Amino acid sequence: MAFDWLFQPNQIVTGGVTGIGQVLHRLIPALPVGVVSIALNIPLFVLLARRQGFRSCVRSFCAMLTGSVMIDLLDAAVAFRPMENQFLACVYAGVLFGLSIGLQLRAGITTGGSDLAARLLKYRYLHISIGRLCLMIDLVIIASYAVVFRSVDGALSGIVAMYVSSLTMDTVVYGSTRARMDGEGAYQGHGKDVLLTTFRPNQITALKQTVLAIDPGAFLIVCDAHEVIGEGFASYSEDEL
């Protein structure tokens, strides 16, 4: 839906192998985008199978195959019209695309393309989030589109959509493991003990009530933590995103 309804009719360049499919389809209209995506994804799935095993790739391969076929079937069945507001098209294309990819990644599934390439790169670049890795890969493909077709507008629209997509993707993938930290420090320069605690968002009200009941003058600093690993929260393995 994201591709057929928003990306393609509004001439917004997407990343990954679908973006490459867009380029090839424009050069050779007889080449369907979905078919090109399947052909380009196969080598990536071979690499993933070597890394994680054949069984772990079966669901992802089926998801990729289904998604690519649906792109071509939906394109043949419905002629979507371009939106009047190009900016809204970019934003909602990114949200819908990032939401779908994020849900798949959380389920341990990838539909190939930039998210599969990013998953493979994540083994090497552990400090970079999956959304940022996808964004970097997509930017290279979008820049290539701009050079080949000399279309700056399509490339800029694609960058906006992919940036929104990366934010949405990270929110979906990492959002449920977010927690908060509470600190109590020295306001008047006197040395005091600092209590650092991690809790889930639905526990914040009870925590505030407890702290203020013990010390009404206590300072509470609440800030987001990107990820919390440990007992009661998340665990880590080398296959983590």
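Here, every reference points to the structure presented above.
If you're wondering where the values come from, they're calculated on a predicted model, not measured in any experiment.

S.K.: Would you take a moment to explain the packing of aromatic side chains for this structure?
M.R.: Two aromatic rings, taken as a pair, are described by how far apart their centres are and by the angle between their planes. The tally for this structure, following the rule as stated, stands at two aromatic pairs. Here the aromatic rings of Phe-7 and Phe-97 are separated by 5.9 Å at their centres, their planes lie at 75°, and the arrangement is edge-to-face. Separated by 90 residues along the polypeptide, Phe-7 in helix H1 (residues 2-7) and Phe-97 in helix H5 (residues 86-106) bring together distant segments of the chain. Residues Phe-45 and Phe-61 carry aromatic rings whose centres are separated by 5.6 Å and whose planes lie at 85° to one another, so their mutual orientation is edge-to-face. With a gap of 16 residues between them, Phe-45 in helix H3 (residues 33-52) and Phe-61 in helix H4 (residues 54-77) connect regions that are remote in the sequence. Since its relative accessible area comes to 5%, Phe-45 is described here as buried.

S.K.: Mind showing me how you'd approach a nonpolar patch on the surface here?
M.R.: Where nonpolar side chains cluster on the molecular surface, the patch consists of Ile-20, Leu-24, Leu-27, Ile-28, Leu-31, Leu-40 and Val-148 and spans about 530 Å² of accessible area. Within the secondary structure, Ile-20 is located in helix H2 (residues 16-27). You can call Ile-20 partly exposed: its relative accessible area is 33%.

S.K.: Help me understand empty space enclosed by the protein, please; the structure alone is not making it clear to me.
M.R.: It is a probe the size of a water molecule, rolled over the atoms, that shows where empty space is left. For the coordinates displayed, the defined rule picks out one cavity of 30 Å³ or more. By volume, the largest cavity is sized at about 30 Å³. Residue lining of the largest cavity: Phe-97, Gly-131, Cys-134, Leu-135, Asp-138, Met-162, Ser-165, Ser-166 and Met-169, and that is the complete set. For the lining of the largest cavity, the elements supplying multiple residues, two or more each, are helix H7 (130-149) and helix H8 (152-174). Grouping the amino acids of the lining of the largest cavity by side-chain chemistry returns five nonpolar, three polar and one charged.

S.K.: Explain the nonpolar core here, please?
M.R.: Of all hydrophobic cores here, the largest spans 20 residues; its most connected members are Phe-3, Phe-7, Ile-12, Ile-142, Tyr-145, Ala-161 and Met-162. Broken down by secondary-structure element, the contributors of at least two residues to this core are H1, H5, H7 and H8. Not counting residues up to four positions away in its chain, the partners in contact with Ile-12 are Leu-6, Phe-7, Gln-22, Gln-86, Ala-89, Cys-90, Gly-154, Ser-157, Gly-158 and Ala-161. The next biggest cluster of nonpolar side chains, apart from the first, holds twelve residues, and it includes Ala-117, Ile-130, Ile-141 and Met-169.

S.K.: So what exactly am I meant to see when it comes to the side chain of Ser-157 here?
M.R.: Mapped onto the secondary structure, Ser-157 falls in helix H8. When neighbours within four sequence positions are excluded, Ser-157 is seen to be in contact with Ile-12, Gln-86 and Cys-90.

Reading the values: the criteria
- Residues numbered from 1 in each chain as written.
- Predicted model: local features only at pLDDT ≥ 70, side-chain atom pairs only at ≥ 80, totals over all residues.
- Heavy atoms only, no water.
- Phe/Tyr/Trp six-rings, centres within 6.5 Å; stacked < 30°, edge-to-face > 60°.
- Helix = DSSP H or I, 4+ residues; strand = E, 2+ residues; numbered from the N terminus.
- Buried < 20%, exposed > 50% of the residue type's maximum accessible area, 1.4 Å probe, protein only.
- Patch = residues over 30% accessible without salt bridge, like charges linked within 9 Å, V, L, I, M, F, W, Y side chains within 5 Å.
- Areas by Shrake-Rupley, 256 points an atom, 1.4 Å probe, with all protein chains shown as cover.
- Salt bridge = Lys/Arg side-chain N within 4 Å of Asp/Glu carboxyl O.
- 1 Å grid on protein atoms, 1.4 Å probe; cavity = no way out; pocket = protein on both sides within 12 Å on 5 of 7 lines; lining within 4 Å.
- Points joined across faces, edges and corners; volume = space filled by probe spheres on them.
- Nonpolar A, V, L, I, M, F, W, Y, C, P; charged D, E, K, R; others polar.
- Core = buried A, V, L, I, M, F, W, Y, C linked by side-chain atoms within 4.5 Å.
- Contact = heavy atoms within 4.5 Å.

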